[in-house]
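Residue strings, one per chain:
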Amino acid sequence: MNITLTFPDGSTRQYNQGVTGLHIAESISHNLARNALGIFVDGVPYDLSTPIRADAHVRIVTFDDDEGKQIFWHSSAHLMAEALEALYPGVKFGIGPAIEQGFYYDVDLPNGVKLSLEDLPNIEAKMKELAQRDVPFQRVEIAWRDAVAYFQQKGDEYKLELLEGLQGQTITFYTQGGFTDLCRGTHVPSTGFLKFPKLLSVAGAYWRGDEKRKMLTRIYGIAFPKKQMLEEFLKQREEAEKRDHRKLGKELELFMITPAIGGGLPVWLPNGTVIRRKLEAFLREEQLKRGYQEVITPHIGNLYLYKTSGHYPYYADSQFPPITLTDETGREEQYLLKPMNCPHHHQIYASKPRSYRDLPVRLAEFGTVYRYEQSGELNGLSRVRGFTQDDAHIYCTEDQLKDEITSTIELTQHVFKTFGMQVTTRLSFRDDNTAKYGGDIALWERAQREIQEVADEIGLEYFIGKGEAAFYGPKIDFIVRDAIGRKWQLGTVQVDYVMPERFQLEYTGADNAKHRPVIIHRAPFGSMERFLSIIIEHYAGNFPFWLAPVQVSVLPITDAQISYATMIAQRLGNAGYRVKLDDRAEKVNRKIAESEQKKIPFALIVGKKEVEQATVSVREHGVGDKGMLRVEEVLELFARLNNV
RNA sequence: GCCAGUGUAGCUCAGCGGUAGAGCAACGGUUUUGUAAACCGUCGGUCGGGGGUUCGAGUCCCUCCACUGGCUCCA
């Protein structure tokens, strides 16, 4: 009997019933058969050895496909597990999935064995040895009871716990060589595919992500089908490390963090401050265009304010403890370093009667907030304990809500577009854990629906993150990656029906009755610190002209040109540019080298020729000699570049 | 906070039981130079803090702190 299989390009072919993915691949091309890792049948992944029994849409995947990589890395995790079992008999296994860049396995090593980085090459060598044997990954279906018996006999309580959640389902085991694991699959045909593994790091990881449970050892790795791909990956990783904002932040003197002030409390150095002020000016201008009003509020606030808002109970363990003052009568007053700006802004809103004619009210502030993050969480400028949000709160009527959400998303996208950043958008909704959230469920559902409607209407590409909402409402979060590929949330737009209720915010409607406004919290950059960390890495420190701390250096070749060079520097400085004159008695090559190292966008070199012809020689950072220009021409060039 | 790793001069790093080193930077000179680093000299460290082992400790052990990679949590 024949079945008809449809391929991704829409073409169809007839096959015998029971044909395997491998046969199909062979029927298409020799090359595909060699590179095929798995087959998707009606969207579900299968091993290449699985017989296909009915008409279906099929897609054969290779390492070039994301799904193929996932299969490859998942199999690599099994291979590593086999190696670990060979080297550390008695090791117990948690979970070992493929991740975006590679795979990991969480393991419980036998009696006090501790793994460090130095052990990894050894495990890696074992993996290569096992890969050389090129044994097949074999799938077997097994009764739940038998699966339990297997792991009981093996003494692996983690797998037994996983099996508890799988009662009543068909259990599958995969075996390669001497190693058998509980696994849904899919896997590559044989270990011979996995010839080029690289183990990257060891880390602790709580079993099932629960900090009350045992900490297992997590080993991260990656693997490639070709040696060249592995080398390319390692090279890219090295390059990425050079962009690390902590490294560049030090080299370019943008910021510092010192225990003398406090961990996670970054200090903006003069160069970094130039960038920050430019970013603020850029956003301030965009906000003024969009009808925002700027406000300034204090860094601390009465604790009562945060009890009213609900921040205090929800974020109690991530706040600096309250400051408690006692007066002579013994009365206590408590103040909190503000973890958020919103309650302060709500007080501004509530400070006078509001009419529907005044709405929307848009209050913006570069507001510094403090959160007591766990010490192990601190990370350069990306994760800190004191940071400044480019915060704003929009108070509007329900009728205005959609337009306001749309316009805030538009602003956020404008920001990311300006910097040419790749962002992914997450609609952060609530999950079923009611304890995590405040407010009425009906209002939540409405807010979530409205957010999604707007996102659909403006054609936003997004995914939904359940359980990612703030306690007071759902969010739209804009997420970017740093140089090493870690994801960070930057911009955010949040809809809030809870705070207006808690703070009893009102406006008088056209009907002369009191109504509750809706609040949108939004921050396009997210935090100035985190945003700086990302743009440092995004530009690898080569900031665009308008942002560069020093925009142009003027380099006289000999002392004879110092007065001319000074005149040039003054002219540029008077025109508003950030200029550095290098009048040291150094060779021009040296001056150029340093200008390049500091990543200054332009160097203007002036020697005898330039003085005689009243010109400068322009050298562009990273590009090289652009030839001689008159100062007027340089000013024109800079004026063009200085626009955001 | 937890697991693992790392802390040596302002920076990048060597030294891993036997009297603290290099390059760069800084400082003092010499050099007047044409598109990525001139030359000579000088200064600079209770080797993260504390405790221990030892005749002797950057070097071994314990402890605390900071940082790095993860985990839980979040902008």
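About the thresholds
Residues numbered from 1 in each chain as written. Chains lettered and ligands numbered in written order. Predicted model: local features only at pLDDT ≥ 70, side-chain atom pairs only at ≥ 80, totals over all residues. Heavy atoms only, no water. Helix = DSSP H or I, 4+ residues; strand = E, 2+ residues; numbered from the N terminus. Buried < 20%, exposed > 50% of the residue type's maximum accessible area, 1.4 Å probe, protein only. Areas by Shrake-Rupley, 256 points an atom, 1.4 Å probe, with all protein chains shown as cover. Lys, Arg positive; Asp, Glu negative; His and termini not counted. Charge placed at Lys NZ, Arg CZ, Asp CG, Glu CD. Near = heavy atom within 4 Å. Polar contact = N/O pair within 3.5 Å; in protein donor to acceptor, adjacent residues only side chain to side chain. Nonpolar A, V, L, I, M, F, W, Y, C, P; charged D, E, K, R; others polar. Salt bridge = Lys/Arg side-chain N within 4 Å of Asp/Glu carboxyl O. Contact = heavy atoms within 4.5 Å. Phe/Tyr/Trp six-rings, centres within 6.5 Å; stacked < 30°, edge-to-face > 60°. Lys NZ or Arg CZ within 6 Å of the ring centre and 35° of its normal.

1. Considering the overall build of chain A
A tally of regular secondary structure across chain A gives 20 helices and 35 strands. Taken along its principal axes, the extent of the C-alpha atoms in chain A is 85 × 75 × 60 Å. The buried share of chain A, taken over its 644 residues, is 49%. Of the roughly 31,300 Å² of accessible surface on chain A, a fraction of 49% belongs to carbon and sulfur atoms. Counting 79 positive and 87 negative side-chain charges, chain A places the centres of these two groups 3 Å from one another.

2. What about the protein's contact with RNA strand B?
RNA strand B sits among 57 residues. The nearest are Ser375, Glu377, Gln489, Arg590 and Glu610. Of everything in RNA strand B that lies within 4 Å of the protein, sugar and phosphate atoms constitute 48%. At a separation of 2.3 Å, a sugar or linking oxygen of RNA strand B approaches a polar side-chain atom of Gln489. In this structure, a base oxygen belonging to RNA strand B sits 2.7 Å away from a main-chain N or O atom of Lys608. Among the elements that make up the surface near RNA strand B, the one with the highest residue count is helix H18 (residues 588-597) (seven residues). Partitioning the surface near RNA strand B into residue classes produces 17 nonpolar, 18 polar and 22 charged.

3. Structural notes on the side chain of Asp390
In this structure, Asp390 sits in strand S23 (residues 386-396). For the buried residue Asp390, which engages in no salt bridge, the nearest side chain bearing the opposite charge is Arg522, 4.8 Å off. Polar contacts involving the side chain of Asp390 include one to the main-chain amide nitrogen of Phe525, which spans 2.6 Å. Sequence-distant contacts of Asp390, defined by excluding residues within four places in its chain, comprise Leu283, Glu365, Phe366, Arg522, Ala523, Pro524, Phe525, Gly526, Ser527 and Met528.

4. Description of the packing of aromatic side chains
Enumeration over the complete set of coordinates arrives at 29 aromatic pairs. Pairing Phe416 with Phe478 gives two aromatic rings, centres 6.0 Å apart and planes at 45°, and the pair type is tilted. Here Phe416, found in helix H13 (residues 398-419), pairs with Phe478, found in strand S26 (residues 475-481); they are 62 residues apart in sequence, far enough to count as distant. Pair check on accessibility: Phe416 and Phe478 agree, each one buried. By way of ring pairs, the aromatic residues Phe63, Phe72, Trp73, Phe224 and Phe233 are connected into one cluster. Here Arg276 stacks its cationic end above the ring of Trp268, 4.8 Å away from the centre of that ring. The ring of Tyr349 has Arg354 lying over it, and the distance from NZ or CZ to the ring centre is 5.0 Å.

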